[in-house]
Each structure stands twice: as C-alpha cells, then as structure tokens.
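Residue-level structure breakdown
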Amino acid sequence: MSPSRRALRLCYQGAVLLSVLAIAPLTWVWLASSGHRVVAGTSPGWTAGVPAAPVALVLGAAAFGGTPSAMLARRLDISAELYRAGRVEAILLSGDNGRTGYDEPTVMRDYLLARGIPGRSLVLDHAGFDTWDSCVRARTVFGATRLTVVTQVFHLPRAVTLCRTAGLETFGVGDDSSRAWAAPTYAYAAREFAAAAKGLLDSVVLDSAPVFPGPRETTLDAALQPR
C-alpha cells in the first residue's frame, strides 16, 4: 500500500526541519564571527590588517613524534609572523597532552623556538582538548581578555565564535589550507557541521566547564610583562 499524502507531507516537513537544524549551528558561527576574521597571507603586508592584541592563541592539531602536522605548522608560522610584526606580544599554545607520550604544546613550543621566537613569549596550555576548552581556559586559567586566535580557515568561524562566547574579545586569522591540502581541507570542512553543533551545545546550551578548569596560572601574565 502506498503512503498517504499526509504521511508524505509529514516526511517532507521532517526532512526540512532536520536540514534546518543541521545548518543552524554552522550559520550561527559564521554570522557571529563575521567581521572578526581574516585570511593570512593574502598580501605582503597582510599582518597590518590584524588588530593588535596582547596574545595569539594557537589551537593544537595533530603532532607526530616531535613534529607538528603540516596544518599545525602553518598555524605556528602565522603566529610567528604576527609576533614579529608586533601584532601580538605573547603566544599561547593550547593543545592535547592527555596521554603519555603525546604532547602537542611542547612540540608547538619547540617548533617556534627553532624559528627564533623567544621562549619567554611562549605559554603552554596542556589541557586544550577541544576548541571550547582552549577558549575558556585562555580566559579563566590564563587570564586573557583579548586575543587573536589562529587556525585554518575552515575552523576559523567556530574558533572565533566560541572564544567570543567564552567572554574573550577575539579576532581570528586563518590559513587557507585548501591551496596546499585540498582533500583534507574539504574533509575537515564537512566535519564542521557536527563540530559547530557540539560547540553550540557546549557554549550556549550547557555552558560546559573545561575538562580541567583550573587552577589560575600566571605564566601568561609573566610573558606580557614589559621588558
């Protein structure tokens, strides 16, 4: 027996509703971050278009042994450019150190040290397990109030929006990774539908605490002291 017209109509309406619910979180992060983000490397003097801030927050990604992944290395290179251009005074390196033998923040620090960024300007957050945790901890654990978050373009709207929702005055700089790594970029971009939904749930609906919420650290305060 074929389905009734009413049943078909209900199925259609349900499909439309599910589509709207799937798109809504991604729309939220794009609109909330509009006007607060730029793409790195668009011109020789691109750093001049980034508002000065006390700190750059570099969000972790994969590391292999003692080497950052290609995308993470690009984030670190951007933060170094911002530092050398005087757009930030310190760099907060937030990543995963949740299991023995895996330490993203230390890999990130060593990469920047090897490129001439002074160690006194580098601060490590070993409990940046996801974007929301990194943003909340930047404010509550490290005392940041204004920062520039650095990541890839596909991740940038969510990163900027979550940091702003966490109470930070935030601008974002993203690497257009599609130019060098098209296939992984599009795969990660597709995952942003689910990631944006989780971000909305964590930040707005539940106001979730980080996995490790404290205690307050003074390492960023020290890095920002006049020299």
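These numbers come from a predicted model, not from an experiment.

**Looking at the overall build of the chain**
A tally of regular secondary structure across the chain gives seven helices and eight strands. Taken over C-alpha atoms, the radius of gyration comes to 19 Å for the chain, in line with the 17 Å a tight globule of 227 residues would show. On the principal axes, the C-alpha backbone points of the chain span a range of 80 × 40 × 35 Å. In the chain, which comprises 227 residues, the proportion classed as buried is 44%. In the chain, 74% of the contacts between residues at least 6 apart in sequence involve partners at least 24 apart. For the chain, the exposed surface amounts to about 11,200 Å²; the carbon and sulfur share of it is 60%. Computing the positive centroid from 22 side-chain charges and the negative centroid from 18, the chain places the two 7 Å apart.

**Some words on helix 3 (residues 104–113)**
Counting buried positions along helix 3 yields seven of 10 residues, so the element is predominantly enclosed. Among all positions in helix 3, only E104, P105, T106, V107, M108, Y111 and L112 are buried. Buried residues along helix 3 sit in contact with strand 2 (55–59), strand 3 (63–64), strand 4 (67–68), helix 2 (70–84), strand 5 (90–94) and strand 6 (122–125).

**Digging into the nonpolar core**
Within soluble globular proteins, side chains that are nonpolar tend to cluster in buried spots. Of all hydrophobic cores here, the largest spans 25 residues; its most connected members are L76, L82, I91, L93 and L112. The set of elements that each furnish at least two residues to this core consists of strand 2, helix 2, strand 5, helix 3, strand 6 and strand 8 (169–175). Element by element, the count of residues in this core is highest for helix 2, at seven residues. The residues contacting I91, other than those within four sequence positions of it, are V55, A56, V58, S79, A80, Y83, L112, I117, S121, L122 and V123.

**Observations concerning the state of the cysteines**
Between two cysteines, a covalent bond joining their sulfur atoms is known as a disulfide. The tally for this structure, following the rule as stated, stands at one disulfide. Paired through a disulfide, C135 and C163 show a sulfur-sulfur distance of 2.2 Å. Here C135 and C163 share a disulfide; its torsion about the S-S bond, -75°, makes the bridge left-handed. Placement of the pair is C135 in helix 4 (residues 131–140) and C163 in helix 5 (residues 156–165), with a sequence separation of 28 residues.

**Looking at the sheet that holds strand 8**
The strand order across the open sheet formed by six strands is 1-8-7-2-5-6, and the pairing between neighbours is parallel. Every interior strand has two partners, whereas the edge strands, strand 1 (37–39) and strand 6, have only one. If you compare each strand with its neighbour and ignore which way they point, the axes differ by 25° on average. Taken together, the three bridges between strand 1 and strand 8 define a ladder with parallel strand orientation. Each bridged residue has a counterpart across the sheet, and for V38 the counterpart in strand 8 is V173. Running over the sheet, helix 2 touches strand 2, strand 5, strand 7 (146–152) and strand 8 and is turned about 145° from strand 7. The sheet contacts of helix 3 involve strand 2, strand 5 and strand 6, and relative to strand 6 the element is tilted by about 165°.

**Some points on the environment of L224**
Examined against the element boundaries, L224 turns out to sit in the segment after helix 7 (219–223). For L224, a relative accessible area of 26% translates into the label partly exposed. Taking the C-alpha atoms as reference points, L224 and S121, 103 residues apart in sequence, are found 7.5 Å from one another. Discounting chain neighbours no more than four positions away, the residues touching L224 are P54, E89 and A90.

**Description of the pairing of strand 7**
The buried count for strand 7 comes to six of seven residues, which makes it a mostly enclosed element. In this sheet, strand 7 lies alongside strand 2 in parallel orientation, the contact comprising four bridges. Within strand 7, the position partnered with V58 by the bridge is V150. Here seven bridges tie strand 7 to strand 8, and the two strands are oriented parallel to one another. Pairing of V149 across the sheet is with G172, part of strand 8. The handedness of the strand 7 to strand 8 crossover, carried by helix 5, is right-handed.

Rules and cut-offs
- Residues numbered from 1 in each chain as written.
- Predicted model: local features only at pLDDT ≥ 70, side-chain atom pairs only at ≥ 80, totals over all residues.
- Heavy atoms only, no water.
- Helix = DSSP H or I, 4+ residues; strand = E, 2+ residues; numbered from the N terminus.
- Rg over C-alpha atoms; globule rule 2.2 N^0.38 Å.
- Buried < 20%, exposed > 50% of the residue type's maximum accessible area, 1.4 Å probe, protein only.
- Contact = heavy atoms within 4.5 Å.
- Areas by Shrake-Rupley, 256 points an atom, 1.4 Å probe, with all protein chains shown as cover.
- Lys, Arg positive; Asp, Glu negative; His and termini not counted.
- Charge placed at Lys NZ, Arg CZ, Asp CG, Glu CD.
- Core = buried A, V, L, I, M, F, W, Y, C linked by side-chain atoms within 4.5 Å.
- Disulfide = S-S within 2.5 Å.
- Pairing = 2+ DSSP bridges.
- Axes fitted to C-alpha atoms, helices over the stretch in contact; angles between N-to-C directions.
- Right-handed = clockwise from strand over helix to strand, strands pointing away.

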